[in-house]
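Coordinate analysis (summary)
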Amino acid sequence: MTHQSVTEEALDRLDFSWKDAKILDLGCGGKHFEAWFRNKGADYRGVEKIIPPDAQIPDRMMYFDFAREWPLPSDNYVPFIFFCHSFEHGENPILTLKEALRCLAPGGTIFISTPNPTKHQILDKDADHVFVLNEMQMERLLRYCGFIDITTQIVDGNDPDPSGWSVITTGRKPNGL
């Protein structure tokens, strides 16, 4: 199984109403999950963190720095924020999570899929993996930033090699924030 198929299976297991929900896919790259979200009836927005100097920004795509204030129309803007193998590339996970919390609607969900922390993922494979965090560290970060109902799990996708596994983390914004 691929990281994408493992992530899609985890998304399928969520108790979430996708129909017409605004989705921010942060670090969307080639917008690999756009079709999955659109097939569920979601209002998908892909977001990349780097603005290329000569960017031809495709339809429904935005660019901004995850660790600075996000240029969204308002606080409490979206019910679902999604990171798939992009969170570990950010320079400041605490600022990123606090900004996600600000932008999520009350009761909104954050979903983060990251590589399993192995030597291969941390030192050998991607030199731009700034943070590769285990499930306990992810839970602690989300709790510190104010999320509730946090779940974390390592999903192996039937891959015998731990470097191919993913850490899937979800959390919700409290209704009172």
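This text gives an overview of the structure that appears in the document. (Residues numbered from 1 in each chain as written. Predicted model: local features only at pLDDT ≥ 70, side-chain atom pairs only at ≥ 80, totals over all residues. Heavy atoms only, no water.)

Right, let's talk about the nonpolar core for a bit. Judged by nonpolar contacts, the single largest core of 22 residues is most densely connected at Ile81, Leu97, Ile110, Ile112, Leu142 and Phe147. Listed by contribution, the elements that provide at least two residues to this core are β1 (22-26), β4 (78-84), α3 (93-103), β5 (104-115) and α5 (135-145). In this structure, Leu97 is in contact with Phe87, Ile110, Ile112, Leu141, Leu142, Cys145 and Phe147, ignoring residues within four places of it in sequence. Residues Ile23, Cys28, Phe33 and Phe37 belong to the second largest nonpolar core, which totals 19 residues. (Core = buried A, V, L, I, M, F, W, Y, C linked by side-chain atoms within 4.5 Å. Buried < 20%, exposed > 50% of the residue type's maximum accessible area, 1.4 Å probe, protein only. Helix = DSSP H or I, 4+ residues; strand = E, 2+ residues; numbered from the N terminus. Contact = heavy atoms within 4.5 Å.)

A positive phi angle, close to 65°, is found at Asp20, a residue other than glycine. According to the relative accessible area criterion, Asp20 is exposed, its value standing at 57%. The phi dihedral of Asn76 falls on the positive side, at around 55°, and the residue is not glycine. Here Asn76 shows up in the loop between β3 (61-63) and β4. According to the relative accessible area criterion, Asn76 is partly exposed, its value standing at 36%.

With that out of the way, let us pick up the side chain of Ser113. Secondary-structure assignment places Ser113 in strand β5. Overall, Ser113 belongs to the buried group, its relative accessible area being 0%. A distance of 3.1 Å separates polar atoms of two side chains, one belonging to Ser113 and the other to Thr7. With residues near it in sequence (within four places) discarded, Ser113 still touches Thr7, Phe83, Cys84, His85, Glu88, Ser166, Val167 and Ile168. (Polar contact = N/O pair within 3.5 Å; in protein donor to acceptor, adjacent residues only side chain to side chain.)

Moving on: α5. Inspection of α5 places Met138, Leu141, Leu142 and Cys145 among the buried residues, and these make up the whole buried set. With its buried residues spanning 95° around the axis, α5 presents them on a single face. Facing away from the buried side of α5, by more than 90 degrees, are the exposed residues Met136, Arg140 and Tyr144. If you follow the buried residues of α5, they end up packed against α3, β5, β6 (148-155) and β7 (166-172). For α5, the capping residue at the N-terminal end is Asn134, with a side-chain oxygen 3.0 Å from the backbone nitrogen of Met136. Gly146 lies just past α5 and shows a positive phi near 110°. (Arc of directions from axis to C-beta.)

Everything listed here is a matter of geometry and, on its own, says nothing about what the molecule does.
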